[in-house]
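# Survey of secondary and tertiary structure
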Amino acid sequence: YVIVADSVAIDSKIGDVVALGKQAYPVPVVDGANVVVGAVDPVATGLSPTTPVADVMIPAPGTIRPERQIDDVVRQLAKDGLDHVLVTAVDGTLIGRVEVDQLRG
């Protein structure tokens, strides 16, 4: 159920996010060790391509661990009013994203 998520580095620009193609969900922002430090909302792709990602990212987005039970994830996302969540290892390394639509299958 975990989908590989495109990501950009913390020193990227909005042009790098645009280059990934149309995104339905926020794009994870990672540091040099692939640890999630933020996320860029798709609406930010309308900004100047030279805008630093670090200036417009959502800092420290919520994440879950891959061992979480699917039912628990669905309940938590519904409670939080979200349709997706990033999946990270204990050290914060990006694994991917879980989307509610995938879980309802």
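Okay, so let's go over this structure. (Residues numbered from 1 in each chain as written. Predicted model: local features only at pLDDT ≥ 70, side-chain atom pairs only at ≥ 80, totals over all residues. Heavy atoms only, no water.)

### Focus: the sheet that holds strand 5 (residues 63–64)
Counted only if it meets this: Between any two strands, pairing holds if DSSP finds at least two bridges. Only runs of H or I of at least four residues qualify as helices and only runs of E of at least two qualify as strands under DSSP, and these elements are numbered from the N terminus.
If you walk across this open sheet you meet the 3 strands as 5-6-7, and the pairing is mixed. Each edge of the sheet is formed by a strand with only one pairing partner; in this case those strands are strand 5 and strand 7 (94–99). Sheet analysis places strand 5 next to strand 6 (residues 84–88), joined by 2 bridges and oriented parallel. Each bridged residue has a counterpart across the sheet, and for I64 the counterpart in strand 6 is V87.

### A look at the nonpolar core
This is how the line gets drawn: Residue types Ala, Val, Leu, Ile, Met, Phe, Trp, Tyr and Cys, when buried and joined through side-chain atoms within 4.5 Å, form a set referred to as a nonpolar core. The rule is simple: take the accessible area with a 1.4 Å probe, protein chains only, and divide by the maximum for that residue type; under 20% is buried, over 50% is exposed, in between is partly exposed. Two residues form a contact once any of their heavy atoms are found within 4.5 Å.
Ranked by size, the top nonpolar core spans 9 residues in total: V8, I14, V17, V27, V29, V40, A44, V53 and M57. At the level of secondary structure, the elements contributing two or more residues to this core comprise helix 1 (14–19) and strand 2 (27–30). Not counting the four nearest positions on each side in its chain, M57 is found in contact with I10, V29, V37, G38, A39 and V40. Judged by nonpolar contacts, the second largest core, of 7 residues, contains V73, L77, V98 and V100.

### Focus: the sheet that holds strand 4 (residues 58–59)
What the 4 strands build is an open sheet, ordered 1-2-3-4; its pairing is mixed. The open sheet has two free edges, formed respectively by strand 1 (8–9) and strand 4, since each of these has just one partner strand. Bridge count between strand 2 and strand 3 (residues 36–40): 4 bridges; the pairing is antiparallel. Bridge assignment links V27 to a residue of strand 3, and that residue is V40.

### Focus: unusual backbone geometry
Most peptide bonds are trans, and most residues other than glycine sit at a negative phi. Look at N34: it is not a glycine, yet its phi comes out positive at around 65 degrees. Given a relative accessible area of 29%, N34 falls into the partly exposed group. Although it is not a glycine, A60 adopts a positive phi angle of roughly 45 degrees. Tracing the backbone shows A60 in the loop between strand 4 and strand 5.

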